[in-house]
Amino acid sequence: MSDLIRKTAAQLADALAAGETTSVEITQAHLDRIGQVDGAVHAFLHVDAEGALAQAAESDARRAAGGPSSALDGVPIAVKDVLATEGLPTTCGSKILEGWVPPYDATVVRRLRDAGMPILGKTNMDEFAMGSSTEHSAYGPTHNPWDLDRIPGGSGGGSAAAVAAFEAPLALGTDTGGSIRQPGAVTGTVGVKPTYGSVSRYGLVALANSLDQVGPVTRTVMDAALLHEVIGGHDPRDSTSITQSVPDLTDAVRRGATGDLTGVRVGVVKELGGEGYQDGVQARFQEAVDLMVGAGAEVVEVSCPTFVHALATYYLILPAEASSNLAKFDAMRYGLRVLPEGVQSPSAEDVMRATRDAGFGDEVKRRIILGTYALSSGYYDAYYGQAQKVRTLISRDFDAAFEKADVLISPTAPTTAFKLGEKLDDPIAMYLNDLATIPANLSGVPGISVPGGLADEDGLPVGVQILAPTMADDRVYRVGAALETLLADQWGGPLLDRAPSLNGAS
Ligand code: GLN
């Protein structure tokens, strides 16, 4: 395995700055790795070798001329296939968008380009970001690099697996109910959901507008901060974008990396643990809490009673918004168009029906039906209206908890990676994966998942989630970096070095 692919983004940036390597070398090393392992992992839906190498060559020329554009100039990245990329296919993991090539870049993609970061390709995902396993992708599932028979989480399993398998040093994901954090947890990588509205969604194919957030997928907390600083900040093209600037995240990581948590109040959320959480997940979580206490944190238990209703609330609000967003796939504007068989002079409606029937998968159809029902007249108040009220109560529980604690912590996901196929026919079992991540989306607060070690019973990664108040993203980075330092001291090296099928594939 090339040394270059083992390096973190921060290390690659240093090596580039020191003139020890070039962006073309780094990019080629990752393309080679993709060529070696992606047949087995299937993290990518589309690899743009030619484009990435051309961008890398431009980066090298820029550096030679004396002016890199950013700290990450020349460091390549993978992008979840739900973000519009000019000239590169964007399918959202759906047949209905097969062949669609956007005429413009999402703002976050534009910012990557402006920062000089070569784009390796587009990563696999559950169709329209609905799912927790990547098995709902119309193009086949992604496999977890820790065990190829297991799921890499979802919906952003492709981005997490690409980073875990050393196919990309960095990736972008999107998190509507946990799709950055839960894949991070089950692949032993770092995933961040920024504060709602603090990273532009212009050019993100919306799943649920009041919940969606773009964020970093990386192997270290510092790499996430570096990437977050590239993509974050106000965008006049996104009407929900907030004007406050992003706090200094890399500085927060430097402070956290000392491993000192003196004076930090850490709240353990009672409702996000216990019954339904795997023993090995609980054990690693408890160890993380104990380490934080040892590092000077003041740990308190906090109760957020409405969190037990978060999943039900989410599964009314999300389908309602999604069903409305997906109405635009009408066979006229984008991608697929299917003519109904045996119909003479089909009407627009006939074509629409045939296209949506063929183009959408089962999970997408299920949520369109749920959402349309929840929004229908007569039911609107009983379902959607009620869910909005509970959502307010969940935010109030967060406010109360943040009076007692600077950050809240919990396991990121209730279990480690399950076997491919295990939950595919049981939507409720699939939905339960996001039990601990959904409250943050409902209230807009930022969160990170950092690797917490391996569960004893199956040797698979466990994630620890850290949440902070709105716009206090620097706190999740500080505490995340501290935990990363404390655990690295215990493990004596990166967790990903212990991934068996990764080593086998190299
Ligand atoms: N797994 C959740 C869902 O299926 C979250 C999806 C997401 O964050 N995009 O809705």
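I will try to describe carefully the structure that is included in this document.

Conventions used here
Sequence positions are assigned chain by chain, starting from 1 and proceeding in written order. Under the rules for a predicted model, residues below a pLDDT of 70 receive no local features and side-chain atom pairs below 80 are neither given nor counted, while totals for whole chains, interfaces and linings still include all residues. The side-chain values count all of the structure's non-hydrogen atoms but skip hydrogen atoms and water molecules. Numbered from the N terminus, helices here are DSSP runs of H or I no shorter than four residues, and strands are runs of E no shorter than two. Note on exposure labels: buried denotes an accessible area under 20% of the residue type's maximum, exposed denotes more than 50%, and partly exposed covers the range between, all computed with a 1.4 Å probe on protein chains only. Contacts were defined at the residue level, with two residues in contact if any of their heavy atoms lie within 4.5 Å. A cutoff of 4 Å decides nearness: a residue is near a molecule or strand if any of its heavy atoms lies inside that distance of it. Nitrogen and oxygen atoms within 3.5 Å of one another constitute a polar contact, given that in protein one can donate a hydrogen and the other can accept it, and given that sequence-neighbouring residues count only through two side-chain atoms. Asp, Glu, Lys and Arg are counted as charged, while Ala, Val, Leu, Ile, Met, Phe, Trp, Tyr, Cys and Pro are counted as nonpolar; the rest, among them Gly, fall into the polar class. Any carboxyl oxygen of Asp or Glu within 4 Å of a side-chain nitrogen of Lys or Arg constitutes a salt bridge here. Paired rings are identified among Phe, Tyr and Trp, the last through its six-membered ring, by centres lying within 6.5 Å, and are further divided according to the angle between planes into stacked (under 30 degrees), edge-to-face (over 60) and tilted (the rest). Geometrically, a charge over a ring is one whose NZ (Lys) or CZ (Arg) sits within 6 Å of the ring centre while staying within 35 degrees of the ring normal. Multiplying 1.5 Å by the residue count of a helix minus one yields the expected span of that helix. DSSP calls a pair of strands paired once it identifies at least 2 bridges connecting them. Axis geometry follows a simple rule: fit a line to the C-alpha atoms, using only the stretch in contact for helices, then measure angles between N-to-C directions, giving values from 0 to 180 degrees. Within this scheme the basic residues Lys and Arg register as positive and the acidic residues Asp and Glu register as negative, but His and the chain ends are omitted.

1. A closer look at the environment of E301
Summarising the element assignment, E301 is placed in strand 8 (residues 298-302). Residue class for E301 comes out exposed when judged on its relative accessible area of 58%. Spatially, the C-alpha atoms of E301 and F402 are 12 Å apart, while their sequence positions differ by 101 residues. Not counting the four nearest positions on each side in its chain, E301 is found in contact with V268 and K270.

2. Some details on the site of the ligand
Near the ligand, the surroundings consist of 15 residues, among which T176, G177, S179, Y314 and D434 are the closest. Between the ligand and the protein, one listed contact pairs an oxygen atom with a backbone N or O atom of G178 at 3.3 Å. In this structure, a nitrogen atom belonging to the ligand sits 2.5 Å away from a side-chain N or O atom of D434. Across the shell around the ligand, the residue classes tally to 5 nonpolar, 7 polar and 3 charged.

3. Things to note about the pattern of salt bridges
By the definition in use, this model includes 20 salt bridges. Here D73 ties to R62 by a salt bridge, and the two come within 2.9 Å at their closest N and O atoms. Of this pair, D73 sits in the loop between helix 4 (49-64) and strand 2 (77-80) while R62 sits in helix 4; the two residues are 11 residues apart in sequence, bridging distant segments of the chain. Note on D73: relative accessible area 0%, which makes it buried. D105 is paired through a salt bridge with R113; the nearest N and O atoms lie 2.7 Å apart. Where salt bridges share partners, they join D105, R110, R113 and D114 into one cluster.

4. Examining helix 6 (residues 157-164)
Burial within helix 6 is extensive, with 8 of its 8 residues counted as buried. All of the buried residues along helix 6 are G157, G158, S159, A160, A161, A162, V163 and A164.

5. Describing the packing of aromatic side chains
Across all of its chains, the model carries 13 aromatic pairs by this definition. When the ring of Y373 is compared with that of Y379, the centres are 4.6 Å apart and the planes differ by 25°; the resulting orientation is stacked. For Y373, a relative accessible area of 42% translates into the label partly exposed. Here Y379 falls in the partly exposed class, since its relative accessible area comes to 35%. By the ring-pair criterion, three or more aromatic residues cluster together here, those being W100, F128, F329, Y334 and F360. Taking the ring centre of F166 as reference, the NZ or CZ of R6 above it sits at 4.1 Å. Over the face of the ring belonging to F418 we find K423, whose NZ or CZ atom lies 4.4 Å from the ring centre.

6. Points about helix 11 (residues 310-325)
Note that an α-helix has 3.6 residues per turn; residues three or four places apart therefore point the same way. Between its terminal C-alpha atoms helix 11 stretches 22 Å, which fits the 22 Å expected from 16 residues at 1.5 Å a residue. Counted residue by residue, helix 11 has 13 buried out of 16 residues, so it is predominantly covered.

7. Quick word on the sheet that holds strand 9 (residues 407-411)
What the 11 strands build is an open sheet, ordered 1-3-2-4-6-5-10-11-9-7-8; its pairing is mixed. Two strands close off the open sheet at either side, each with one partner strand: strand 1 (44-47) and strand 8. Adjacent strand axes in the sheet meet at a mean angle of 25° when their direction is disregarded. As judged from the 7 bridges shared by strand 10 (residues 447-454) and strand 11 (residues 461-467), these two strands associate in the antiparallel manner. Bridge pairing in strand 11 links P451 to G463. Its contacts with the sheet place helix 8 (residues 221-231) against strand 2, strand 4 (170-174), strand 5 (190-193), strand 6 (214-218) and strand 10, and it is angled at close to 150° to strand 6.

8. Concerning the side chain of R219
Here R219 is to be found in the loop between strand 6 and helix 8. In this structure R219 is buried but unpaired, with D223 as the nearest side chain of opposite charge at 6.0 Å. Among the polar contacts listed, one links the side chain of R219 to the backbone oxygen of I5, at a separation of 3.2 Å. In this structure, R219 is in contact with I5, R6, K7, V163, F166, A168, P169, V190, E484 and L496, ignoring residues within four places of it in sequence.

9. Structural notes on the pairing of strand 9
Among the 5 residues of strand 9, 5 are classified as buried, and the element is accordingly described as predominantly covered. Where strand 7 (residues 265-269) meets strand 9, 3 bridges bridge the pair, whose relative direction is parallel. Bridge assignment links V268 to a residue of strand 9, and that residue is I409. Taken together, the 4 bridges between strand 9 and strand 11 define a ladder with antiparallel strand orientation. Its bridge partner lying in strand 11, P411 is registered against V464.

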